[in-house]
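Secondary and tertiary structure notes
So you can see what is in the structure, the chains are spelled out below.
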Amino acid sequence: MAALESPLPGTPTAMRNAFGNVLSVLILVLIGVLAFSIRLFSVIKYESVIHEFDPYFNYRVTQFLSKNGIYEFWNWFDDRTWYPLGRVIGGTVYPGLTLTAGTIWWGLNSLNIPLSVETVCVFTAPVFSAFASWATYLLTKEVKGSGAGLAAAALLAMVPSYISRSVAGSYDNEAVAIFALIFTFYLYIKTLNTGSLFYATLNALAYFYMVCSWGGYTFIINLIPMHVLLCIVTGRYSPRLYIAYAPLVVLGTLLAALVPVVGFNAVLTSEHFASFLVFIIIHVVALVYYIKGILSPKMFKVAVTLVVSIGMVVCFIVVAILVALVASSPTGGWSGRSLSLLDPTYASKYIPIIASVSEHQPPTWPSYFMDINVLAFLVPAGIIACFSPLSDASSFVVLYIVMSVYFSGVMVRLMLVLAPAACIMSGIALSQAFDVFTGSIKYQLGATSNSTDDAEDNTSTNNAPKDDAAASKTDKGEEIVKERSSKKGKKKEREPADKPSVKAKIKKKALVLPLEASIVALLLLIMLGAFYVIHCVWAAAEAYSAPSIVLTSQSRDGLHVFDDFRESYAWLSHNTDVDDKVASWWDYGYQTTAMANRTVIVDNNTWNNTHIATVGTAMSSPEKAAWEIFNSLDVKYVLVVFGGLIGYPSDDINKFLWMVRIGGGVFPHIKEADYLRDGQYRIDSEATPTMLNSLMYKLSYYRFVETDGKGYDRVRRTEIGKKHFKLTHFEEVFTSHHWMVRLYKLKPPRNRIRGKAKKLKSKTSSGLSSKSAKKNPWV
Amino acid sequence: MKQSSVVDLLLLLLAIALLTTPAFSDLVLSKVERRIDVTSQIARVSKTLKVVNSGSESVSEFILTFPKFLGNNLAYLSVSHSEGKGKSKRTLVNLSVREADSKGIPDSISVYSVALPKPLSKGDTLTLEVVAAFTNVLQPFPEKITQGEIHLVMLQESAQYLSPYAVESQSLSIKLPNARIESYTKLENTKLQGSELKYGPYKNLQSYSYSPIVVHFESKAAFAVAENLVREIEVSHWGNVQVTENYNVVHRGAQLRGEFSRLDFQARPNPRGASAFRHLLARLPPRAHSIYYRDDIGNISTSEMQSDSKKTELLIEPRFPLFGGWKTFFTIGYGLPLSDFLFASEGKRFLNISFGSPILDLVTEKLIVQVVLPEGSKDISVTTPFAVKQSQEIKYSHLDIAGRPVVVLEKNNVVPDHNQHIQVYYKFSNINLLSEPLMLISGFFILFITCIIYTRADFSISKSSPTYLAKLQWDEVLATLQEVQSIIQKCLATHDKLEASLRDLSRTGDIQTCKAARKSTDSLLKDLSKELKPLLGFLQSSSLASHISPKVEELVAKEKELEEKLMAKHTTVVEGYEKKSSGRDIENRIASQQQKIITLRQEIEDLLEFIDEI
């Protein structure tokens, strides 16, 4: 800064600009480092490992890609899942994340940097969150200048909502998709501001990347048309708008159709109709503007009446055809998840499998505070700042935040889309506020130091009453000042000791806050920021870093690690035959295929409801019926997750009602009411016999009573209902150290020849030994 | 297994019965002591043989024989002889030679010949110490047990020493683990003392005498076998030797039959899990650091480390207890200080590091040791105390271009006795150390240079296209604008000087200097406005600057006005002083002018700011 005061008299602005650029780049680099390193808590506190469920699938796909190459990947038919159906991975997966990580891995390895695929996968998300914060900088810079951009980037680098999906190891689509989302928006705004076809093409490519990465691309292809429509309606149509939109729709749709998982959905499903409709409208509007340009006003009026009357008829016909087409498809052309966005009650009514996922539930109020924290308070200020000179760009941001607030209210998962919008808004608000306060302080200080100049003193005292009035208006007053000085403010931040002439300039603006108020307000803002930082670091370190396959608990004698999942997956992987089939509830499908490399019946992809219902039915059936179902599916092992011994709440018994519901949805002989006593779900002595005889109950509590003599379940906080029982068709082959995972093997079928007669007898004679003795009469 | 070995035994007996060959040579074993230790899964046989040459010719080779079912499982064999004087012992490593065909030794006997240190002449005696380790000779019986059953194994041996030479006196003692002994073959002179079983002494035995014995006993040892172990030893001349060991471990004891109940295992571990092992103990070299223990799905958190100056002990617990037949996989890695393992000799460097696995009592069926030397190492040679299969590979690691030479040593059936040091000799010059950092530095250097060139150079394809020309023109406009700005700034600076002269006036009252200052500024300002003219003309003529030029003109006009006002103010003040008016009077007179000056100045600043934005 000192260098600024004594530059060559000829080029102070050039120097200032250069210095500002270097400083911005430095700050951006630091923001990138911050975004990356705040996500490393999971590696430091736990280990470098893939987290949760879906990331394991993505990891497995990436492994396949890196081993077999891209063409094999597109044609990959995975026979190790959804047995016996299999799954076409290449055509049903969003390939963006996998291809990104695969490319990074390939690039590093061709530079002879031997990183494992796992390492690359673990660190993909943090790297891309640094990219995302840079993209946020670019986007906000387009909207409100680079000061707001830097603030927004810094906020996004550590917003907890985004951290929750992008900690190291959280190798999921969202990790790259949020970057792609923000970057697409940036390029759209850039095109809108410049009208450059180059950026329009880049925009289509960014949109393509987004389509590759995440199903959430429909958010873009609906938000941008809405903004275009908004611009047209508010009379802001310009050729730049046309250039920003038309190429995006044409190129974007063509490119999107190239992604196998989207394919013709890009033109067939209702999610995309809005974009086509707006595409037609913008052409009509462009035509109208063109005609308006070549006709005289009078002729134009005549033409309008003529065209409108004909146009209405044509539009009506087109709309009627569209409606008929859409109505002919059962869901109205909407996918289940999209429908549940429009109608929040849809999923719970019709698709239990969507409703059963916790991240598809609507969020609670505390989760807003948890996930975006103080941003929630800054957003309104940001919205006001966006309105004060409403530009095309700022109206887009406003629309973005409004839509994302709605969507986040429907599904917790979409809080992730809200986070960037909230950061942009808060960044704008913060930077504007800082502008005003630092500007006022600078002016006031300058005024007092130069008090020799009487005239200046006079004017400043004259201004004082006005300042008070402005201050009393609090927020709104601030915003007005902000927009006035917005452009200059950024530079002022970087050169507090400016030329004395600046004082005069501010004096003319006449909206200066008193010194004390500015200082207090600044301190409060800094405190707010500090609180945000503390919260984010806490959230990153404590709340969102657990990999969920390893659990830890802090007890008196130190840290206790529960590594049961990997224990049993390792057991499965090393001690069963490579082609054995393992049945479990679908939550554990991805992990079983990825970690244990065993074929599973159902997994987290949930594409076939009937198949999941079959497994649900088996789990809800009595032992014999379940054995028959599993045997017909060629299942060798059954895996259940049981938390009753150590109090792990998300175990299979707690998920059991969903199995019953989903099973009952397809196989009507499973009735939810049979498992409930007076509408209550319980496993104690009051539980219904159906419940106590279900396979899930038996496999979970087999020999559980012998641990403490009573069979006290620490999750349900009750003693179990049926304590002593034996398994006839299953045998325990492995139970993990804390009993969290229990593996059972299907016993081979009994010999049929003498089976019937002996069965009656064996019922009278007690004990397993006599049965097993008769099991194989030929030996 | 069991049956086949019994058949083997019968065949062997048959062969021995048919054998009528006379003594191999004239050597006689005057005393044979054999001790078999079966407390672990490895049967360690140590023998003390007192050899006497009773013939007339001197003998330079000694024949060692084992029954074939033992010989096939021989993992380690070393023969040493103690020389009479002192306690100094020399170790001789023998070559295994099979001579059954030529010399008429039956097929069911494995033969090894020992080259004696010096030919044994008539009547001389020599004491040989033989140490042999056998794997897989403790057969689990029964082969499958349930979780609660105890683990019983069976050992087959001969109570009499099988040798082509006549034996005068021999004894055998078998050290059993301190546990239950199910049964053992009772011959004459058999004694069981505690856990030690003794056969003999037997006197004056014929050559090839054989009397089979079977001992059936409980073993609590861990039958941990690494089916496959790959040790990668990577030498970095930056000061580290990184060792990575990949284990495929299996429990080779009696297989688990039926259920595994965690409840039984936890509640009554002793009877209900005795056949399983939970831990393995690795004894790493001292000063080992950065130790990790993981498998392909992540870190394994169950391990403990103790270290002192002599050794580092790592107690590792696989993810699950290993019962008979269960397998697991894990990786151990650690770094070692280079100075402890790398030495220089005769212009070469050599790495002196132990060959086998650091895990105690682990049998390795197939061991591959890969010694990765730094990039640029030459003249590589390896010395090992025993025969191994050698080959060389190239490995590409961090930023390698030529790749690192890798010495691959392969050996089957490795027991802890093989944990001896091997030496890898190579030549390496320290200059090579700098190659990779230099490469990185130059890489970044080139990157930045390209950035600089890219931003400075003109890459437009067509020099006559309208957009390019427009861009050139625009650059020119910008340059002019900057010039205008700088001139205006200069003007403003002169204004400040003028003001300063006024202040000086109020302080000193020196009217003449003040007037002189006005004159000089006046001429200066005139020069500046002259300079401005061509610039303005250019801006007006340029089509691109059409939206800017009015602003610039306004700016110049405002500046002129300000100039005039200032001059006026200056004259008034000077006049006031000349007339000796009071300060207040002057101030009142210039107050209105002052106001205007300030607003004008403000407007100019605003305009400058606007131009700046462009």
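These numbers were taken from a predicted model, which means no experiment stands behind them. (Residues numbered from 1 in each chain as written. Chains lettered and ligands numbered in written order. Predicted model: local features only at pLDDT ≥ 70, side-chain atom pairs only at ≥ 80, totals over all residues. Heavy atoms only, no water.)

Attention now moves to the UniProt feature "transmembrane region" (unreviewed entry) in chain B. In the numbering used here, UniProt assigns the "transmembrane region" (unreviewed entry) feature to residues 437-455 of chain B. Taken end to end, residues 437-455 of chain B is 100% helix and 0% strand, and its first and last C-alpha atoms sit 27 Å apart. (UniProt positions renumbered as here; feature names shortened; annotations may be inferred. Helix = DSSP H or I, 4+ residues; strand = E, 2+ residues; numbered from the N terminus.)

This part is about the interface of chain A and chain B. At the junction of the two partners, chain A supplies 42 residues and chain B supplies 38 residues. Here chain A and chain B share an interface that buries about 3,700 Å² over both sides, 47% of which is from carbon and sulfur atoms. Across the salt bridge formed by D563 of chain A and R319 of chain B, the nearest N and O atoms sit 3.0 Å from each other. Counting across the chain A and chain B interface gives 18 residue pairs in polar contact (both at pLDDT 80 or more). Those elements that provide at least two residues to the side of chain A that touches chain B are α2 (12-37), α25 (474-494), α26 (501-509), α28 (564-575), α35 (705-708) and β12 (730-735) of chain A. Residue contributions to the side of chain A that touches chain B peak at 7 residues, all from α28 of chain A. Within the side of chain A that touches chain B, the residues separate by chemical class into 15 nonpolar, 11 polar and 16 charged. (Contact = heavy atoms within 4.5 Å. Buried area = accessible area lost by both parts, 1.4 Å probe. Salt bridge = Lys/Arg side-chain N within 4 Å of Asp/Glu carboxyl O. Polar contact = N/O pair within 3.5 Å; in protein donor to acceptor, adjacent residues only side chain to side chain. Nonpolar A, V, L, I, M, F, W, Y, C, P; charged D, E, K, R; others polar.)

All names here are of chain B. Read from one edge to the other, the open sheet built from 4 strands follows the order β8-β10-β15-β12, with strand pairing classed as antiparallel. The open sheet is flanked by β8 (139-140) and β12 (181-184), the only strands paired with a single partner. Sheet topology note: the strand β10 (residues 152-158)/strand β15 (residues 212-218) ladder contains 7 bridges and is antiparallel. Bridged to E157 within β15 is I213. (Pairing = 2+ DSSP bridges.)

A few words on the confidence of the model for chain B. Residues and elements named next belong to chain B. Summarising the model, chain B shows a mean pLDDT of 82, and 92% of its residues fall at 70 or more. The model gives residues 17-23 a pLDDT under 50, and that stretch makes 6 contacts with residues more than four places away or in other chains. Below pLDDT 50 for its whole length, residues 85-89 participates in 4 contacts with residues either more than four positions away or in separate chains. In the predicted complex, the global pTM is 0.81; the interface-specific ipTM is 0.77. (pLDDT = per-residue confidence, 0-100.)

This part takes up the sheet that holds strand β22 (residues 303-307) of chain B. Two orientations exist for strands paired in a sheet by backbone hydrogen bonds: parallel and antiparallel. All names here are of chain B. Taken in spatial order, the 3 strands of this open sheet run β19-β23-β22, and their pairing is antiparallel. Two strands lie at the open edges of the sheet, namely β19 (280-284) and β22, each paired on one side alone. Each strand axis lies, on average, 15° off the axis of its neighbour in the sheet, ignoring direction. One ladder, built from 5 bridges, connects β19 with strand β23 (residues 312-316); its direction is antiparallel. (Axes fitted to C-alpha atoms, helices over the stretch in contact; angles between N-to-C directions.)

As a further point, take unusual backbone geometry. Here the amide bond leading from Y83 of chain A into P84 of chain A is cis, since omega sits at 0°, within 30 degrees of zero. For the bond running from F141 of chain B to P142 of chain B, omega is 5°, close enough to zero to count as cis. Secondary-structure assignment places P142 of chain B in the loop between β8 and β9 (144-145). Unlike most non-glycine residues, D678 of chain A shows phi in positive territory, near 55°. Along the polypeptide, D678 of chain A turns up in the loop between β8 (676-677) and β9 (680-681). At D379 of chain B, a position not held by glycine, the phi torsion is positive, near 50°. With respect to the helices and strands, the residue D379 of chain B is situated in strand β28 (residues 378-383). With a relative accessible area of 45%, D379 of chain B lands in the partly exposed category. (Buried < 20%, exposed > 50% of the residue type's maximum accessible area, 1.4 Å probe, protein only.)

Take helix α10 (residues 173-194) of chain A next. All names here are of chain A. End to end, α10 covers 31 Å across 22 residues, agreeing with the expected 32 Å (1.5 Å per residue, within 8%). Along α10, 19 of the 22 residues are buried, which leaves the element largely enclosed by surrounding structure. In the stretch just after α10, G195 is the one whose phi turns positive, near 70°. (Expected span 1.5 Å × (residues − 1).)

A separate point is the confidence of the model for chain A. Summarising the model, chain A shows a mean pLDDT of 81, and 83% of its residues fall at 70 or more. The model gives residues 451-510 of chain A a pLDDT under 50, and that stretch makes 97 contacts with residues more than four places away or in other chains.

All told, the structure shown has 49 salt bridges over all chains when counted by the stated rule. With its nearest N and O atoms 2.7 Å apart, the salt bridge here joins D400 of chain B to R404 of chain B. One exposure class covers both D400 of chain B and R404 of chain B, and it is buried. A salt bridge links K558 of chain B to E554 of chain B, with the shortest nitrogen-to-oxygen separation between them at 3.4 Å. On the criterion of helical spacing, the pair formed by K558 of chain B and E554 of chain B is a turn pair, its members being 4 residues apart in helix α8 (residues 549-578). Judged by its relative accessible area of 17%, K558 of chain B is buried. Ionic contacts of the salt-bridge type, sharing partners, join the residues E47, D563 and R566 of chain A together with D295 and R319 of chain B into one network.

Residues and elements named next belong to chain B. In this structure, Q306 sits in strand β22. We classify Q306 as exposed; its relative accessible area is 55%. Separated by 23 residues in sequence, Q306 and R283 have C-alpha atoms that sit 9.8 Å apart. When near neighbours in sequence (up to four residues on either side) are disregarded, Q306 contacts K311, T312 and E313.

Below, the discussion takes up the environment of M439 of chain B. All names here are of chain B. Checked against the element boundaries, M439 lands in helix α5 (residues 435-456). In this structure, the C-alpha to C-alpha distance between M439 and L399, residues 40 residues apart in sequence, is 8.5 Å. Setting aside chain neighbours within four positions, we find M439 in contact with L399 and I401.

Glancing now at the nonpolar core. By size, the foremost hydrophobic cluster in this structure holds 238 residues, and its most contacted members are F185, F630 and F730 of chain A together with F330 and L351 of chain B. Sorting elements by how many residues they give to this core places helix α23 (residues 415-449) of chain A first, with 16 residues. (Core = buried A, V, L, I, M, F, W, Y, C linked by side-chain atoms within 4.5 Å.)

We now examine the packing of helix α30 (residues 609-620) of chain A against helix α31 (residues 623-632) of chain A. All names here are of chain A. Here α30 crosses α31 at 150°, and the two axes come no closer than 7 Å. Taken together, the axis directions place α30 and α31 in an arrangement best described as roughly antiparallel. Contacts between α30 and α31 pair T614, T617, A618 and M619 from the former with A626, I629 and F630 from the latter. (Parallel < 35°, antiparallel > 145°, perpendicular 65-115°, else oblique.)

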